[in-house]
Amino acid sequence: MPPFVERYFSPKYMLKKVPVRGEIPPVSALLARTDSIVWPAVIESVLLGLVGMIDTVMVGTLGTVSLSAVGLTAQPKYISLCPFFAMNVAVSALVARRRGEGDRENANRIMHQSIIITLVLTALISVIGWLAASPIIDFCGAQPDTHQQAVDYFRIVTAGLGFNTLSMVINAAQRGAGNTKIAMRTNVASNLVNIFFNYLLIGGNLGFPKLGVSGAAIATVLGTIVALIMSVLSVRAPEGFLHLQLRQLGSVDKKNFNSLVKMGSGAFVEQICMRVGFLLFAMIVAKLGTRDFAVHNICMNVMNFVFFFGEGLSTAAVTLVGQSLGQKRPDLARIYAGICQRLGFIMSVVLAAILIGFAPQIVGMFSTDPTIIQDGAQILYMMIYCVLMQICMVVYCGCLRGAGDIRYVALIGLVSVSIVRPICSWVLCWPLGYGLIGAWVGFAMDQTCRFLMSWLRFRAGKWTRIRL
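Described in the following lines is the structure provided in the data block. This one's a predicted model, so the numbers in the text were calculated from it and none came from an experiment. Residue indices follow the written sequence of each chain, beginning from 1 at its first position. Since the coordinates come from a predicted model, pLDDT governs what is reported: local features require at least 70, and pairs of side-chain atoms require 80 or more to be given and counted, while whole-chain, interface and lining totals use all residues. Side-chain numbers here rest on the full set of heavy atoms in the structure, without hydrogens or water.

Details of the overall build of the chain
Thought 1: Comment: elements are numbered from the N terminus, with helices defined as DSSP H or I runs of at least four residues and strands as E runs of at least two. The helix and strand inventory of the chain stands at 16 helices and zero strands.
Thought 2: Relative to the globule expectation of 23 Å for 468 residues, the C-alpha radius of gyration of the chain, 22 Å, shows essentially globular dimensions.
Thought 3: Principal-axis analysis of the C-alpha atoms places the extent of the chain at approximately 65 × 50 × 40 Å.
Thought 4: The contacts in the chain between residues at least 6 apart in sequence include a share of 81% that link residues at least 24 apart. Each radius of gyration reported is based on C-alpha atoms, and the globular scaling rule is 2.2 Å times the count of residues to the power 0.38. The contact definition used throughout considers only heavy atoms, calling two residues in contact when any of these lie within 4.5 Å.

Focus on the nonpolar core
Thought 1: Ranked by size, the top nonpolar core spans 96 residues in total, and within it Ile 339, Leu 380 and Trp 440 carry the most contacts.
Thought 2: In terms of residue count, the dominant contributor to this core is helix H14 (residues 370-403) (19 residues).
Thought 3: Setting aside anything within four residues of it in sequence, one finds Ile 339 in contact with Phe 9, Met 14, Leu 30, Leu 31 and Thr 34. To form a nonpolar core, buried Ala, Val, Leu, Ile, Met, Phe, Trp, Tyr and Cys residues must be joined to one another through side-chain atoms within 4.5 Å. Exposure is judged per residue with a 1.4 Å probe applied to protein chains only, and the accessible area is read against the type maximum: over 50% gives exposed, under 20% gives buried, and values in between give partly exposed.

Some words on the pattern of salt bridges
Thought 1: By salt bridge we mean one thing: a side-chain nitrogen of Lys or Arg within 4 Å of a carboxyl oxygen of Asp or Glu. One pass over the structure, following the stated rule, counts eleven salt bridges.
Thought 2: The partner of Arg 109 in a salt bridge is Glu 105, and the shortest N-O contact between them spans 2.5 Å. On the criterion of helical spacing, the pair formed by Arg 109 and Glu 105 is a turn pair, its members being four residues apart in helix H5 (residues 104-131).
Thought 3: In this structure, the salt-bridge partner of Arg 291 is Asp 375, at a minimum N-O distance of 2.6 Å. One end of the pair, Arg 291, is in helix H12 (residues 290-326); the other, Asp 375, is in helix H14, and 84 residues separate them in sequence.
Thought 4: A single network of salt bridges, built from pairs that share partners, joins Glu 105, Arg 109 and Asp 253.

Considering helix H7 (residues 147-159)
Spacing of three or four residues puts side chains on the same side of an α-helix, whose turn is 3.6 residues.
Thought 1: The terminal C-alpha atoms of H7 lie 18 Å apart, and with 13 residues this matches the ideal 18 Å at 1.5 Å per residue to within 8%.
Thought 2: When we look at burial in H7, the residues that qualify are His 147, Ala 150, Val 151, Tyr 153, Phe 154, Val 157 and Thr 158. Looking down the long axis of H7, one finds its buried residues gathered within 165° of arc, a one-sided arrangement.
Thought 3: On its buried face, H7 sits against helix H4 (64-101), H5, helix H6 (133-139), helix H8 (161-176) and helix H10 (213-234). By this rule the span expected of a helix is its residue count minus one, scaled by 1.5 Å. Summarising the geometry, the arc corresponds to the directions from the helix axis toward the C-beta atoms.

Points about the packing of helix H13 (residues 330-364) against H14
For any two helices packed against each other, the geometry is given by the interaxial angle and the distance between the axes.
Thought 1: Angles here are taken between N-to-C directions and fall from 0 to 180 degrees, while the axes themselves are lines fitted to C-alpha atoms, restricted in helices to the stretch in contact. Where H13 meets H14, the closest approach of the two axes is 9 Å, and the angle between their N-to-C directions is 170°. Taken together, the axis directions place H13 and H14 in an arrangement best described as roughly antiparallel.
Thought 2: Amino acids outside the nonpolar list (Ala, Val, Leu, Ile, Met, Phe, Trp, Tyr, Cys, Pro) and the charged list (Asp, Glu, Lys, Arg) are all regarded as polar, and Gly is one of them. For the contact of H13 with H14, the residue count by class is 26 nonpolar, five polar and no charged. Orientation is classified from the angle alone, with under 35 degrees giving roughly parallel, over 145 giving roughly antiparallel, 65 to 115 giving roughly perpendicular, and any other angle giving oblique.

Some points on the packing of aromatic side chains
Thought 1: Ring pairs shown here join Phe, Tyr and Trp side chains whose ring centres sit within 6.5 Å, with only the six-membered ring taken for Trp; geometry is labelled stacked below 30 degrees between planes, edge-to-face above 60, and tilted in between. Throughout the structure, instances matching the rule amount to eleven aromatic pairs.
Thought 2: Judged by centre distance (6.2 Å) and plane angle (70°), the rings of Phe 281 and Trp 440 are edge-to-face. With Phe 281 in helix H11 (residues 254-286) and Trp 440 in helix H16 (residues 435-460), this pair connects stretches of sequence that are 159 residues apart. Both residues of the pair, Phe 281 and Trp 440, belong to the buried class.

Below, the structure is given as structure tokens:
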């Protein structure tokens, strides 16, 4: 191993005043274990973001109106997924802790309880989303030219919600158990199906009907069906750490149910705070008009893609930190957290360099309009600062979630995303008259606030003493 790598990832720089509780593996062993968890999670997350970008590129061929229509559905779609994102955070953290403790029985009970909860919530949210699609899209700031396409897209995706949510919760359990490769393979297959049917159904290729925006929604649902089939098959082997048994789905274990509700409720508050903030942000920009919202949607797709690099590291941090604390090794939890953080910094520098060098070309993948390319490139240059803040912040939050410090992460979402971002963006966008640029300056303020709050909490170290 090169000496500079040895120094950069040396545990002594990560522990400092943290007491050592046992033998510390060599740097090569620490990196090997981290890599086995991190890279499948990062690849899965990035591919998920890449498919979202490809969806937008393919819909963009239909014109600015269709691009804006799909963009309008993003926040209500994610808000409908909030309970499931929250459930997945709880499932991953709890299964990781039980894996570290070697408690296979309760890890499986947690998975079964989470599936029951997911089934009930999915049925309720799907019905509400379908019936209330039109007023929801209106509330998001739809213009007359984008309303119907956005409603059609949202209803189709909502109708297939169950395939997505069940796959998500099983994959969350697998990640907590350290099986990130399974979740990666599931999402890769799902994404390939999505892209293939996008090609067939958006433009009507190879004899298929030309369905436009609705075709993109149908392709998304077909991809989630494939994901669910693969996820279920991954937990059918009796010898696996996680084993799905249908007869256990009818029973409720009070202890594990309460643990899921306790952690999941905190994560749900975080998700709601964040999604409400994202929605308000999108509504502020949507009132600038269809063209500016199209530019914004392109830039948000790029930002989300960058975010998925950090999200992959965050997912890995949940597993590594949770399992280490389950083994009663807070020193190892700090080391793995530090390794993930250093990997995140390297990623952020590389991604920032790509934005510096290729901003116009990146925007040009979504639109051929020269004014959209010019304005979008300006926003991407502003995003360079956000990239450096975001990936580090996301990894810190992943460490806190893995330890069970869910309530503080929810507080970060409340203060930063629900308050700082919309207020700063609105003031800069409208009263001060900076338009789209002002909205994105508000976005940068939010990123700074989240980074500082997560860094200070991580540095204090109280998260290593939380019991689950």
